[in-house]
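Each chain, letter by letter, is given below.
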Amino acid sequence: KQEVTQIPAALSVPEGENLVLNCSFTDSAIYNLQWFRQDPGKGLTSLLLIQSSQREQTSGRLNASLDKSSGRSTLYIAASQPGDSATYLCAVRPSNYQLIWGAGTKLIIKP
Amino acid sequence: EADIYQTPRYLVIGTGKKITLECSQTMGHDKMYWYQQDPGMELHLIHYSYGVNSTEKGDLSSESTVSRIRTEHFPLTLESARPSHTSQYLCASRAGTNEKLFFGSGTQLSVL
């Protein structure tokens, strides 16, 4: 059974730092992996999607990588800003099945 | 960006009441989903639909039901609410060939 883990559960860093969020999964047979952002009391916003054949995707200051063999994905945030404060969730799609979600990392960027 | 709407945003009700959580999207998406999320926890799929008159149970369908009579509308009904149903309910949709999910703002349900 596929399991998705995000460690740490919470992270606090000063503004301006580059940081990495981690996502690990137990079964390498995935169709794709997605990173989402969730603001308090709101729904989720899709940030990046990596297909199983890809190694990374970039959008602005965000870069997501995928290493299926090791069951890991990272979300790199460059030059962090207070507006980046949110909970970041990753989700994997096993082939032709529904998304399996991690519990998220709550990120706080201190001004 | 996302044109997917959930009502109500907050709901406090007593045990045993029947409730319907509304979800509508104006993007013409075929696929729609209901998720349940407790604070600090992962999302759990309750129900999903791949089109009109198509509904399937997820991992956590519990005592809820859904209907998909129109493409844009995917309501979730709890026949008899219990305190264990207290949670946030999130509705999402996506186009048939696009993996990107769009989420509503959620309904925070409290059952007393």
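Residues numbered from 1 in each chain as written. Chains lettered and ligands numbered in written order. Predicted model: local features only at pLDDT ≥ 70, side-chain atom pairs only at ≥ 80, totals over all residues. Heavy atoms only, no water.

Visitor: Can you help me understand the packing of aromatic side chains in this one?
Guide: Centre distance and the angle of the planes are the two values used to describe a pair of aromatic rings. In the structure shown here, the tally under the stated rule is eight aromatic pairs over all chains. On the basis of an interplanar angle of 80° and a centroid distance of 6.1 Å, the ring pair of Trp101(A) and Phe103(B) is categorised as edge-to-face. With Trp101(A) in strand 10 (residues 100-101) and Phe103(B) in strand 10 (residues 102-103), the pair connects residues from two separate chains. Phe103(B) shares its class with Trp101(A); the two are buried. Aromatic pair Tyr48(B) and Tyr50(B): ring centres 5.3 Å apart, planes at 50°, arrangement tilted. We classify Tyr50(B) as partly exposed; its relative accessible area is 39%. An aromatic cluster is defined as three or more aromatic residues linked by ring pairs; in this entry it consists of Phe36(A), Trp101(A), Tyr33(B), Tyr35(B), Tyr48(B), Tyr50(B) and Phe103(B). The positively charged end of Lys31(B) is found above the aromatic ring belonging to Tyr50(B), 4.7 Å away from the centroid. The side chain of Arg68(B) reaches across the aromatic face of Phe74(B), ending 5.9 Å from its centre. (Phe/Tyr/Trp six-rings, centres within 6.5 Å; stacked < 30°, edge-to-face > 60°. Helix = DSSP H or I, 4+ residues; strand = E, 2+ residues; numbered from the N terminus. Buried < 20%, exposed > 50% of the residue type's maximum accessible area, 1.4 Å probe, protein only. Lys NZ or Arg CZ within 6 Å of the ring centre and 35° of its normal.)

Visitor: Would you explain the pairing of strand 4 (residues 31-37) of chain B in this entry?
Guide: Along a regular strand, successive side chains alternate from one face of the sheet to the other. Residue and element names in this part refer to chain B. Most of strand 4 is tucked away, with seven of its seven residues classed as buried. Bridge count between strand 4 and strand 9 (residues 87-94): seven bridges; the pairing is antiparallel. Bridge pairing in strand 9 places tryptophan 34 opposite cysteine 91. Relative to strand 5 (residues 44-51), strand 4 runs antiparallel, the two sharing five bridges. The residue of strand 5 that forms the bridge with methionine 32 is serine 49. Between strand 4 and the antiparallel strand that follows it, strand 5, lie six residues; glycine 40 among them carries a positive phi value of about 70°. (Pairing = 2+ DSSP bridges.)

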